[in-house]
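Coordinate analysis (summary)
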Amino acid sequence: MRAEAGAVAEAAVAAPLAAVREAAADAAALHPRGSGQWWPDAPPGARILDLSSLDHVPRVDAADLVATVGAGCRLDRLTDALGAHGCWLALDPPGPGSRTLGGALAAGGGGPLAALFGPPRDQVLGLSMIAGNGTLVRVGGRVVKNVAGFDLAKAVIGAHGGFGAIVEVHLRLRARAQADRTAAWTGPREAVAAAGARLMAAGALPAAFEVLHPALAAALGLGPQWALLVRALGTPAAVDEELSAAHDAARGLVSAAPAAEAWTAWREAVGTWPAVLRIGADPTAWTDACALAADHLGTVAGASVTVPRGTVRVGAPGVTPAALRALREAAARRRWPVTLERADAATRAACGLWGALDPGVERLTRALRQTFDPADRLPRARYFGVAMTADQ
């Protein structure tokens with residue numbers, strides 16, 4: 001692990017640096033905020049650490065497929081900036097395009113593209129952050145081969161600002177594909193699950209491989225049934241081959257016509273869910289995870305499953321501490337973590353973002369907090385006391 005101070009010129013982050021140092025002097029808590037799209041409310045008494053001015057894209061190296069981007073850059077603006085260089089970022093979290101890069105990385109939840117390209121931390125080569133102790137810290141590197149110390153960057157991504165406020169990110173990019181097509185099918189849950197299992201067994205590697213709950217499928221114009229969406233990227237021939245395999249696997253389902261902007265519609269629809277839980281299930285057991293969530297949460301706003309990763313994202317009108325604890329206890333028996341990805345400040349405080357951590361992970365987390373935020377100025381994500389032990 002390596003951490004270096006001063007990776008970003010202090011002049012570029014003068015305002016947030018001053019805010020953190022002032023909070024330290026005043027013994028005040030801070031709540032980092034980009035566009036305020038995902039977690040619009042702050043805990044009572046916390047000062048807002050505004051990062052929206054860090055919207056720069058100072059460098060894009062199309063030849064090396066890397067870029068340096070300010071954490072306050074909106075995702076829709078970043079898409080346009082990278083597209084002008086023939087590149088793109090495999091990061092498609094739920095919510096509007098006005099979400100910021102730093103906010104999406106702090107929350108740690110990707111989208112359907114994680115099926116092939118991995119979660120948000122896999123798109124990051126390194127980053128700079130302002131720690132709670134008021135220092136500017138760099139972790140990782142800027143080029144693909146320079147990744148010494150990247151473990152700390154992985155810890156920062158998804159930590160909800162608990163170790164520091166992300167201010168600049170070095171990204172791994174992809175070259176724009178020649179072809180980009182999506183196919184969809186609908187049917188009963190059991191039939192959709194069987195089709196997904198056949199596609200997995202065939203060794204297919206689509207860019208996105210998502211199963212939608214009927215409520216979410218209806219929001220995307222596919223009707224109120226379970227739906228399977230497959231996205232293929234690459235050369236025209238490779239895309240044809242990928243979707244042909246998907247058609248073979250989807251036998252017995254009804255072919256549907258996804259909207260031209262189906263994946264944008266997915267992000268917008270999931271972004272309207274007031275509370276979002278993310279279950280890390282087994283790829284072959286996502287139906288069990290969906291049933292478990294329904295059993296403990298009652299009415300759900302929808303669900304979306306990134307099948308190859310076993311990620312089950314569930315939306316709900318709200319979450320009570322008792323319901324979430326019961327869900328986490330049931331999921332822990334199968335060693336499935338349950339993350340509270342989105343909720344209002346009161347729910348976050350009452351429920352915690354995660355269940356209890358593995359003892360080794362918790363020791364590391366406490367050590368990092370003590371190093372980078374010893375006075376607890378930044379958000380402190382609570383754990384809800386449900387340990388995932390082997391004998392549960």
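Residues numbered from 1 in each chain as written. Predicted model: local features only at pLDDT ≥ 70, side-chain atom pairs only at ≥ 80, totals over all residues. Heavy atoms only, no water.

**Here's the deal with empty space enclosed by the protein**
Within the structure shown, the criterion is met by 2 cavities of 30 Å³ or more. Looking at the lining of the largest cavity, the elements that each hand over two or more residues are strand S2 (30–33), helix H3 (101–107) and strand S9 (164–172). In terms of residues, the lining of the largest cavity owes the most to one element, H3, which gives 5 residues. Partitioning the lining of the largest cavity into residue classes produces 11 nonpolar, 12 polar and 2 charged. (1 Å grid on protein atoms, 1.4 Å probe; cavity = no way out; pocket = protein on both sides within 12 Å on 5 of 7 lines; lining within 4 Å. Points joined across faces, edges and corners; volume = space filled by probe spheres on them. Helix = DSSP H or I, 4+ residues; strand = E, 2+ residues; numbered from the N terminus. Nonpolar A, V, L, I, M, F, W, Y, C, P; charged D, E, K, R; others polar.)

**Notes on the nonpolar core**
In terms of nonpolar packing, the biggest core is built from 48 residues, with Trp185, Val211, Leu228, Ile279, Trp286, Val312 and Trp336 touching the most fellow members. The biggest single contributor to this core is helix H10 (residues 286–297), with 6 residues. (Core = buried A, V, L, I, M, F, W, Y, C linked by side-chain atoms within 4.5 Å. Buried < 20%, exposed > 50% of the residue type's maximum accessible area, 1.4 Å probe, protein only.)

**Some remarks on the sheet that holds strand S13 (residues 226–234)**
An order of S14-S11-S13-S12-S16-S17-S15-S18 is seen for the 8 strands of this open sheet, with the pairing classed as antiparallel. What marks the edges here is a single partner per strand, and that holds for strand S14 (254–256) and strand S18 (338–342). Direction aside, neighbouring strands of the sheet carry axes that sit 25° apart on average. In this structure, strand S15 (residues 275–280) lies alongside S18, joined through 4 bridges in antiparallel fashion. Across the sheet, residue Arg278 finds its bridge partner in S18, namely Thr339. Lying on the sheet, helix H6 (residues 189–201) is in contact with strand S11 (179–187), strand S12 (208–212) and S13; it crosses S13 at an angle near 25°. (Pairing = 2+ DSSP bridges. Axes fitted to C-alpha atoms, helices over the stretch in contact; angles between N-to-C directions. Contact = heavy atoms within 4.5 Å.)

**A word on helix H9 (residues 262–270)**
Because the α-helix completes a turn every 3.6 residues, residues three or four places apart line up on one side. Listing the buried residues of H9 in full gives Ala262, Trp263, Trp266, Arg267, Ala269 and Val270. Take H9 and look down its axis: the buried residues cluster within an arc of 170°, on one side only. (Arc of directions from axis to C-beta.)

**Notes on the pattern of salt bridges**
Counted according to the given criterion, the structure contains 11 salt bridges. A salt bridge links Arg47 to Glu22, with the nearest nitrogen and oxygen atoms 3.8 Å apart. One end of the pair, Arg47, is in strand S3 (residues 47–50); the other, Glu22, is in helix H1 (residues 14–26), with 25 residues separating them in the sequence. Classification of Arg47 as partly exposed rests on a relative accessible area of 31%. In this structure Glu22 comes out as partly exposed when scored by relative accessible area, which is 46%. Linking Arg348 and Asp41 is a salt bridge whose minimum nitrogen-to-oxygen distance equals 3.5 Å. With Arg348 in helix H12 (residues 345–351) and Asp41 in the loop between S2 and S3, the pair connects residues that are 307 residues apart, well separated along the chain. (Salt bridge = Lys/Arg side-chain N within 4 Å of Asp/Glu carboxyl O.)

Purely geometric numbers; function is a separate question.
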